[in-house]
Amino acid sequence: MLGEAVEVEADAVDPFAAIELIEDYKPLDVECAAVNLALLTALRQRYPDWRYLVDGDGGDENLKDYPIEENPELTIRSVVNNPLLYQEGWGVDCIKHSLTYSGGFSRGCVRTYAPARALDFVGYSPFTAPLLVALASAIPFSELAAGEVERLYALKGEILARGVRRVLGFELPVFEKRRFQRGAVPERVFAERFGSSPADYRRHFQGRFAPGA
């Protein structure tokens, strides 16, 4: 029960259907939502009576496990000194992400919530519980990372492994970070299904949701 594979045809991964569902066009969110939609569609067909799903949304935000080098606006100093940076987004006196989403985490929640709602699932992530967010924001990341990016990246796996060991007595294997959509499909399929440019995604979004569309 802990290792059931859910296989779907590659055509089931449809980024443009995901854009219409999440009402967004950012590539990373579209990719994740498209794979999630394919997965949940298959789950609904396999288990018509299932209703509740538990996921891990918020884990990367709480434990600051995003690649800093992918955004030129960020430094390790800005990440470790802002307890809620990834939950709220960044920027001063400006719209941080878009006129629709209040921050990066709200955008991320929609890419899980919208496919689940469309298929009559109710999702929940323990990482979004206010108490857990408060505990995570109190972690002394600056001291633990000591200015080293790789040490910061290693913290999430170490913290989770220690927690599982202490509470459950199990050794949790720690793997290198990989985005959900990257791990779900082979690289060839990923390149085929997500070969459109960000501009293509935005045009599809505007064609569907722009005033008068």
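Residues numbered from 1 in each chain as written. Predicted model: local features only at pLDDT ≥ 70, side-chain atom pairs only at ≥ 80, totals over all residues. Heavy atoms only, no water.

S.K.: What is the right way to read the packing of helix α1 (residues 15-22) against helix α2 (residues 27-46) from this model?
M.R.: Think of two packed helices as two axes; the pair is described by the angle between the axes and how far apart they sit. One can describe the packing of α1 onto α2 by two numbers: an axis separation of 8 Å at closest approach and a directional angle of 100°. The orientation of α1 with respect to α2, classified from their angle, is roughly perpendicular. Residue-level inspection shows Pro15, Ala17, Ala18, Ile19, Leu21 and Ile22 of α1 in contact with α2, the latter providing Asp29, Val30, Ala33, Ala34 and Leu37. Partitioned by chemical class, the residues of the contact of α1 with α2 number ten nonpolar, no polar and one charged. (Axes fitted to C-alpha atoms, helices over the stretch in contact; angles between N-to-C directions. Helix = DSSP H or I, 4+ residues; strand = E, 2+ residues; numbered from the N terminus. Parallel < 35°, antiparallel > 145°, perpendicular 65-115°, else oblique. Contact = heavy atoms within 4.5 Å. Nonpolar A, V, L, I, M, F, W, Y, C, P; charged D, E, K, R; others polar.)

S.K.: Got a minute to help me understand the packing of aromatic side chains in this structure?
M.R.: How two aromatic rings sit relative to each other is given by the distance of their centres and the angle of their planes. On inspection of all chains with the given rule, the structure shows six aromatic pairs. Judged by centre distance (4.0 Å) and plane angle (5°), the rings of Tyr47 and Trp50 are stacked. Under the relative-accessibility criterion, Trp50 is labelled partly exposed at 39%. An aromatic cluster is defined as three or more aromatic residues linked by ring pairs; in this entry it consists of Tyr25, Phe205 and Phe209. Sitting over the ring of Phe121, Arg44 keeps its end group 3.9 Å from the ring centre. (Phe/Tyr/Trp six-rings, centres within 6.5 Å; stacked < 30°, edge-to-face > 60°. Buried < 20%, exposed > 50% of the residue type's maximum accessible area, 1.4 Å probe, protein only. Lys NZ or Arg CZ within 6 Å of the ring centre and 35° of its normal.)

S.K.: Would you take a moment to explain a nonpolar patch on the surface for this structure?
M.R.: Residues Val167, Leu168 and Phe170 make up a contiguous nonpolar surface patch of roughly 350 Å² in combined accessible area. Of note, Leu168 is situated in helix α9 (residues 149-168). (Patch = residues over 30% accessible without salt bridge, like charges linked within 9 Å, V, L, I, M, F, W, Y side chains within 5 Å. Areas by Shrake-Rupley, 256 points an atom, 1.4 Å probe, with all protein chains shown as cover. Salt bridge = Lys/Arg side-chain N within 4 Å of Asp/Glu carboxyl O.)

S.K.: Even after reading the chapter, I still don't get the packing of α1 against helix α12 (residues 198-209), so can you show me in this structure?
M.R.: Between α1 and α12, the least distance of the axes is 10 Å, while the angle of their chain directions is 45°. Classified by the interaxial angle, the pair formed by α1 and α12 is oblique. For the element pair α1 and α12, the recorded crossing hand is right-handed. Across from Pro15, Phe16, Ile19 and Glu20 in α1, the residues of α12 making contact are Asp200, Tyr201, His204, Phe205, Arg208 and Phe209. Residue classes in the contact of α1 with α12 are distributed as six nonpolar, one polar and three charged. (Left-handed = near helix turned anticlockwise from the far one by under 90°.)

S.K.: Would you take a moment to explain α1 for this structure?
M.R.: Structural remark: α-helix, 3.6 residues per turn; residues separated by three or four positions point the same way. The complete set of buried residues in α1 reads Pro15, Ala18, Ile19 and Ile22. The buried residues of α1 occupy one face: seen down the axis, they fall within an arc of 105°. Measuring from the backbone nitrogen of Phe16 back to the side-chain oxygen at the start of α1 gives 3.0 Å, which picks out Asp14 as the cap. Count one or two residues on from α1 and you reach Glu23, which has phi positive near 55°. (Arc of directions from axis to C-beta. Polar contact = N/O pair within 3.5 Å; in protein donor to acceptor, adjacent residues only side chain to side chain.)

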